[in-house]
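Here is what each chain is made of, one letter per residue.
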Amino acid sequence: MTDASRVIAGVILLTVVTIEFGGYFMTKIVRGQVPMTGFQKSFARAGHAHAGVLVIFSLVGLLYVDQTGLTGFWLWVGRLGIPVAAILMSGGFFASSAGKDRTAPNQFLWILWLGAMSLAIGVLTLGIGLIVA
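The shown structure was predicted, so the numbers you read here are calculated from the model rather than taken from an experiment. (Residues numbered from 1 in each chain as written. Predicted model: local features only at pLDDT ≥ 70, side-chain atom pairs only at ≥ 80, totals over all residues. Heavy atoms only, no water.)

### Comments concerning the overall build of the protein chain
Next up, step 1: Counting its regular elements, the protein chain contains 5 helices and 0 strands.
Next up, step 2: Counted from the first residue to the last, the protein chain has its helices and strands arranged as α-α-α-α-α.
Next up, step 3: For the C-alpha atoms alone, the extent of the protein chain along its principal axes is close to 50 × 25 × 20 Å.
Next up, step 4: Counting over 133 residues, the protein chain shows a buried share of 38%. (Helix = DSSP H or I, 4+ residues; strand = E, 2+ residues; numbered from the N terminus. Buried < 20%, exposed > 50% of the residue type's maximum accessible area, 1.4 Å probe, protein only.)

Structure representation (structure tokens):
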């Protein structure tokens, strides 16, 4: 593993603490200690789940990216596309459901779609890089 991938993996592992805090917060939500609409609960679950899954996916991707022939810009897209998606997609779920008694996404839903684009570009770059290596 290259130094760059190793450092990024270390930073990603440190984010697990924030996901753990989110899990604690989720237990408060499901016990009714945090007032939320059904829509907000659903988006909180989705944001938390996406964060956890995409962080794991990010770590797996880092194991593969150094096995590609990617260089320069495309190497960094392969390295960072999935971790950036983890931040943007989970953040998009949380930000777009923020507000008292919200029952539909607000104007921040675009953050979620930006994350989806980062995920798509990251996995396409990594996948193609692996195939042609």
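Back to the write-up after that little detour.
### Overview of the UniProt feature "transmembrane region" (unreviewed entry) in the protein chain
Next up, step 1: UniProt marks residues 6-26, 47-65, 71-96 and 108-132 with the feature "transmembrane region" (unreviewed entry), using the numbering shown here.
Next up, step 2: In residues 108-132, the share of helix is 96% and the share of strand is 0%. The end C-alpha atoms are 37 Å apart. (UniProt positions renumbered as here; feature names shortened; annotations may be inferred.)

### A short note on the pattern of salt bridges
Next up, step 1: Scanning all chains against the criterion turns up 3 salt bridges.
Next up, step 2: Across the salt bridge formed by Asp-66 and Arg-79, the nearest N and O atoms sit 3.1 Å from each other. Highlighted residues: Asp-66 in the loop between helix H3 (38-65) and helix H4 (72-96) and Arg-79 in helix H4, separated in sequence by 13 residues.
Next up, step 3: Looking at Asp-66, the relative accessible area reads 21%, which means it is partly exposed.
Next up, step 4: Overall, the relative accessible area of 4% leaves Arg-79 in the buried class.
Next up, step 5: Note that Lys-100 and Asp-101 form a salt bridge whose closest N and O atoms lie 3.7 Å from each other. (Salt bridge = Lys/Arg side-chain N within 4 Å of Asp/Glu carboxyl O.)

### Quick notes on the environment of Leu-109
Next up, step 1: Counting through the fold element by element, Leu-109 comes out in helix H5 (residues 109-132).
Next up, step 2: For Leu-109, a relative accessible area of 23% corresponds to the partly exposed category.
Next up, step 3: As a C-alpha pair, Leu-109 and Gly-61 span 48 residues in sequence and 26 Å in three-dimensional space.
Next up, step 4: When near neighbours in sequence (up to four residues on either side) are disregarded, Leu-109 contacts Phe-43 and Ser-96. (Contact = heavy atoms within 4.5 Å.)

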